[in-house]
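Listed here are the chains, written in short residue letters.
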Amino acid sequence: QVQLVESGGGLVQAGGSLRLSCAASGRTLVNYAMSWFRQAPGKEREFVALTRWGGGRTYYTDYTDSVKGRFTISRDNAKNTVYLQMNSLTPEDTAVYYCAAALRAGRRGDEYDYWGQGTQVTVSS
């Protein structure tokens, strides 16, 4: 069984930065697809960013358009941890951010087997 624990959320002013972490336990996730999703109040959960093993030492990344150039997903396999560096935050980024994992997955939430409990990110204007 895989457990995912997110941390790093908080309150930040518009234009600021936050770094989210997702620590995994129970299994090494070296060849797992790891993603961040978010859900704002009254809205559906949406895909944010993905890192997926591409063979050898290559990892493929993908981002939703609204965060491209501002957010960066990365992973430290030695720590079994995935990060989301978020820069130039806007109030529209306010949401609960969730980490998810699966052996093979893309942008769809129903492709993921494991989810964290979420961490709140609030961006004030």
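Computed from a predicted structure; not experimentally measured. (Residues numbered from 1 in each chain as written. Predicted model: local features only at pLDDT ≥ 70, side-chain atom pairs only at ≥ 80, totals over all residues. Heavy atoms only, no water.)

**Details of the packing of aromatic side chains**
By the definition in use, this model includes 4 aromatic pairs. Seen from their ring centres, Phe37 and Phe47 are 5.8 Å apart, and the 75° between their planes marks the pair as edge-to-face. Highlighted residues: Phe37 in strand E4 (residues 33–39) and Phe47 in strand E5 (residues 46–55), separated in sequence by 10 residues. Among the residues examined, Phe37 registers a relative accessible area of 2% and is labelled buried. A centroid spacing of 5.4 Å and a plane angle of 80° characterise the contact between Phe37 and Tyr112, whose relative ring orientation is edge-to-face. With Phe37 in strand E4 and Tyr112 in the loop between strand E9 (95–102) and strand E10 (114–115), this pair connects stretches of sequence that are 75 residues apart. On the basis of relative accessible area, Tyr112 is assigned to the buried category, the value being 6%. In this structure an aromatic cluster arises from ring pairing among Phe37, Phe47, Tyr112 and Trp115. Just above the ring of Tyr83 sits the side chain of Arg19; from NZ or CZ to the centre is 3.9 Å. The residue whose ring lies beneath Arg45 is Phe37, and the NZ or CZ to ring-centre distance is 5.8 Å. (Phe/Tyr/Trp six-rings, centres within 6.5 Å; stacked < 30°, edge-to-face > 60°. Helix = DSSP H or I, 4+ residues; strand = E, 2+ residues; numbered from the N terminus. Buried < 20%, exposed > 50% of the residue type's maximum accessible area, 1.4 Å probe, protein only. Lys NZ or Arg CZ within 6 Å of the ring centre and 35° of its normal.)

**Some words on the side chain of Arg38**
With respect to the helices and strands, Arg38 occurs in strand E4. When its relative accessible area of 5% is taken as the criterion, Arg38 is described as buried. Of note is the side chain of Arg38, whose polar atom sits 2.6 Å from the side chain of Glu46. For Arg38, the side chain forms a polar contact with the side chain of Asp93, separated by 2.9 Å. (Polar contact = N/O pair within 3.5 Å; in protein donor to acceptor, adjacent residues only side chain to side chain.)

**Quick look at the pattern of salt bridges**
Summed over all chains, the structure comprises 6 salt bridges. Where salt bridges share partners, they join Arg38, Glu46, Arg70 and Asp93 into one cluster. (Salt bridge = Lys/Arg side-chain N within 4 Å of Asp/Glu carboxyl O.)

**Quick look at the state of the cysteines**
Applying the stated criterion across every chain yields a total of 1 disulfide. Between the sulfur of Cys22 and that of Cys99 lies a disulfide, 2.1 Å long from S to S. Every disulfide takes its handedness from the sign of the S-S torsion; for Cys22 and Cys99 that torsion is -75°, giving left-handed. Placement of the pair is Cys22 in strand E3 (residues 18–25) and Cys99 in strand E9, with a sequence separation of 77 residues. The same class applies to Cys22 and to Cys99, which are both buried. (Disulfide = S-S within 2.5 Å.)

By themselves these figures say nothing about function.
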